[in-house]
Amino acid sequence: MSLTNALKWSFLSELASKAVAPIVFIILARLLTPEDFGVMTAALMVIGFSQIFWEAGMGKALIQCQTDVDDAANVAFWINIGLGIIIAGLLFFAAESIAQTFFHDNRVSDVIKVLTLQIFLGAASSVHSALLQKNMEFKKLFWVRFSTVTLPGVASIPLALNGMGYWALVAGTLAGQSIQMIILWQISPWRPKLAFHIQIAKEIGKFGAWVGASGLLAWFYIWADSLIVSMYFSGHQLGIYRTGNQFASMIFAILLGPIIPVLYSHLSKISIEKSSAQISVASTINILILFTIPTSMILFQISPNIETVIFGEKWNGLSFILGAFFLIHGFSWIVGMNGEFFRATGKPNHETIAMLVTTPIYLTIYIYFIKTDLHDFIIARFFAMTIGLSFQLYLASRLFKLNLTRIIYLIAKTSIIAMLCIYLIKKYVLPTFNEAIFNLFSHALIYIVICASTIFLFEKSNFIKIYSQLLGKQSQQSKIL
């Protein structure tokens, strides 16, 4: 499948999954309480942590593998199954201790025990998914996503309506994972064999070890703040905190998620041509700067409307957290593709190095500021993100010979233009509406149209250059950054 077609089907696949998920999420947020989400969040932290060890980076290693693919897939499958059985068993028997030690809530123990089923389901289907992605068969993956995204909602919403609380979320998660495994086995022709090649296991194990180490550090990036919040605050506050984080993440995932699997597969194929990979990396970072910064600022501005219109009264206090996480995720996405760049060009250790350097800084900031106030903690979370962003940009500029000064200039310029546009719109353009729902969507539309038009006018030549280079209309020696 060509890059253009792959991108189209990946976009549809990601859009189908990530557009439906927020709708279901919002419905469930209206039906359930922040505390219900807090219990589920605690259990998912543990299950997400376990995935690092049973998956062991095999999926990414398999996509990057260029020879003996069938044998490598077989090795990856049996490694995942074996590790999945061991880790699920350990979690099941340790669930009560984990719940008491970290979350001080016995309800979390029961949820962890039930969700160990998710480990088996994931281990049994991860290789099939990786092979489809490796072969850029995103049309098939689209139907997998399209068929499975609605099932969690179908299972969860009726149970939530009947007062099942957090068990509605558990049921939806398991239902979605189950149907995904069944469909992947149906559409993928690959089947495991009773064979195991030790030499191949060593080869992909080395690559997978770096990916797994990066995954462990990535878990801390994703979950460490929630874990610390859970240890110092109530389940209600954890639910609000994690919901704000998750909703902001979903919005950016809808907008940007489709390019990740395609770009990784594409870069894996062209990694031997350094100039081609360099142009793709430079173009992608440039696009992300021009898109994510104004988007995050617009979302920050309308976050009070989002709390009122979408979530309702029981989520009081969510708007501050939402606004902060819109900025955090928006700026983080500037380097959101770096891990894919490093892995696709055979340098998975660079992502690990970046996280090894910044994780201790993050944890130090988290632990210090959690003792003051949740709002102070969130502000500190933003500044911690800027440290990670700076180091990731430095690392990418060194590896791909990018102009770091130009990148920083573009970030600053785009930020100033976006802030100025928002200020002028708020002061001189926006009318006053009485209806809150009209307020939300009309304000968002005005911000988007004016900010996008202004940034395009300032960066028109840059947009044209990026478009030409990504389509290969300019020579490989062209430079963007």
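## Let's talk about the overall build of the protein
Moving on, step 1. Secondary structure summary: the protein contains 19 helices and zero strands in total.
Moving on, step 2. Evaluated residue by residue, the protein yields a buried proportion of 53% over its 481 residues.
Moving on, step 3. Put simply, 83% of the contacts in the protein that link residues at least 6 apart link residues at least 24 apart.
Moving on, step 4. Per element, the accessible surface of the protein, about 21300 Å² overall, is 66% carbon and sulfur.

## Examining the confidence of the model for the protein
Moving on, step 1. Taken over all residues, the pLDDT of the protein has a mean of 79, while the share at 70 or more is 78%.
Moving on, step 2. Summarising per-element confidence for the protein, the mean pLDDT is lowest in helix α11 (residues 259–270) (55) and highest in helix α13 (residues 318–332) (94).

## Side note on the side chain of S126
Moving on, step 1. If you trace the backbone, S126 turns up in helix α5 (residues 106–134).
Moving on, step 2. Of the polar contacts made by the side chain of S126, one reaches the side chain of N80; its length is 2.8 Å.
Moving on, step 3. Once residues lying within four places of it in the same chain are set aside, the contact partners of S126 are W54 and N80.

## Focus: the packing of aromatic side chains
Moving on, step 1. On inspection of all chains with the given rule, the structure shows 21 aromatic pairs.
Moving on, step 2. Between F77 and W78, the aromatic rings sit 5.0 Å apart at their centres with planes inclined by 85 degrees, giving edge-to-face as the arrangement.
Moving on, step 3. A residue is classified by how much of its surface remains accessible, and W78, at 32% relative accessible area, is partly exposed.
Moving on, step 4. With a centroid separation of 6.3 Å and an interplanar angle of 35 degrees, the aromatic rings of F391 and Y394 are classed as tilted. Separated by three residues within a single helix, F391 and Y394 lie in helix α16 (residues 374–400), roughly one turn from each other.
Moving on, step 5. A network of ring pairs unites the aromatic residues F25, F37, F247, F311 and W315 as a single cluster.
Moving on, step 6. Positioned above the aromatic ring of F92, the side-chain terminus of K113 is 5.5 Å from the ring centre.

## Some remarks on a nonpolar patch on the surface
Moving on, step 1. Taken together, the side chains of L420, Y423, L424, Y428, V429, L445, V449 and I450 present a nonpolar region at the surface, about 760 Å² in accessible area.
Moving on, step 2. Put simply, the parts of the chain that give the nonpolar patch at least two residues each are α17 (404–429) and α18 (436–458).
Moving on, step 3. For the nonpolar patch, the element with the most residues is α17, which contributes five residues.
Moving on, step 4. Mapped onto the elements of the fold, Y423 is located in helix α17.

## Things to note about the pattern of salt bridges
Moving on, step 1. This structure, assessed with the given rule, holds four salt bridges.
Moving on, step 2. Put simply, E35 and R107 hold a salt bridge, and the shortest N to O gap is 2.9 Å. Residue E35 is located in helix α2 (residues 34–55), and its partner R107 is located in helix α5; the two are separated by 72 residues in the primary sequence.
Moving on, step 3. What makes E35 partly exposed here is its relative accessible area of 36%.
Moving on, step 4. Looking at R107, the relative accessible area reads 29%, which means it is partly exposed.
Moving on, step 5. One salt bridge connects D105 with R107, and the closest N-O pair in it is separated by 2.8 Å.
Moving on, step 6. Since its relative accessible area comes to 16%, D105 is described here as buried.
Moving on, step 7. Connected via shared salt-bridge partners are E35, D105 and R107.

## Section: the packing of α2 against helix α8 (residues 166–187)
Moving on, step 1. Running from N to C, α2 and α8 cross one another at 45 degrees; their axes reach a closest spacing of 8 Å. Taken together, α2 and α8 sit at an angle that is classed as oblique. Note that α2 runs across α8; the crossing there is right-handed. On the side of α2, the interface is formed by D36, F37, V39 and M40, while α8 contributes Y166, L169, V170 and T173.
Moving on, step 2. Among the residues making up the contact of α2 with α8, the classes are represented as six nonpolar, one polar and one charged.

## Regarding unusual backbone geometry
Moving on, step 1. In this structure, H104 takes a positive phi of about 55 degrees despite not being glycine.
Moving on, step 2. Of note, K401 is a non-glycine position whose phi angle comes to about 55 degrees, a positive value.
Moving on, step 3. Summarising the element assignment, K401 is placed in the loop between α16 and α17.

## A word on the environment of I310
Moving on, step 1. Position of I310 relative to the elements: it lies in helix α12 (residues 274–311).
Moving on, step 2. Take I310: its relative accessible area is 18%, and that puts it in the buried class.
Moving on, step 3. Each C-alpha atom of the pair I310 and I27 lies 8.9 Å from the other, and the pair is 283 residues apart in sequence.

## Regarding the nonpolar core
Moving on, step 1. By size, the foremost hydrophobic cluster in this structure holds 109 residues, and its most contacted members are F247, F311, F326, F331 and I334.
Moving on, step 2. Looking at which element gives the most residues to this core, the answer is α12, with 14 residues.
Moving on, step 3. Dropping the residues within four chain positions of it, F247 is found in contact with F25, I26, I306, I310, F311, L322 and F326.
Moving on, step 4. Core analysis: the second largest hydrophobic core is formed by 14 residues, L62, V75, V127 and A201 among them.

Rules used in this analysis
Residues numbered from 1 in each chain as written. Predicted model: local features only at pLDDT ≥ 70, side-chain atom pairs only at ≥ 80, totals over all residues. Heavy atoms only, no water. Helix = DSSP H or I, 4+ residues; strand = E, 2+ residues; numbered from the N terminus. Buried < 20%, exposed > 50% of the residue type's maximum accessible area, 1.4 Å probe, protein only. Contact = heavy atoms within 4.5 Å. Areas by Shrake-Rupley, 256 points an atom, 1.4 Å probe, with all protein chains shown as cover. pLDDT = per-residue confidence, 0-100. Polar contact = N/O pair within 3.5 Å; in protein donor to acceptor, adjacent residues only side chain to side chain. Phe/Tyr/Trp six-rings, centres within 6.5 Å; stacked < 30°, edge-to-face > 60°. Lys NZ or Arg CZ within 6 Å of the ring centre and 35° of its normal. Patch = residues over 30% accessible without salt bridge, like charges linked within 9 Å, V, L, I, M, F, W, Y side chains within 5 Å. Salt bridge = Lys/Arg side-chain N within 4 Å of Asp/Glu carboxyl O. Axes fitted to C-alpha atoms, helices over the stretch in contact; angles between N-to-C directions. Parallel < 35°, antiparallel > 145°, perpendicular 65-115°, else oblique. Left-handed = near helix turned anticlockwise from the far one by under 90°. Nonpolar A, V, L, I, M, F, W, Y, C, P; charged D, E, K, R; others polar. Core = buried A, V, L, I, M, F, W, Y, C linked by side-chain atoms within 4.5 Å.

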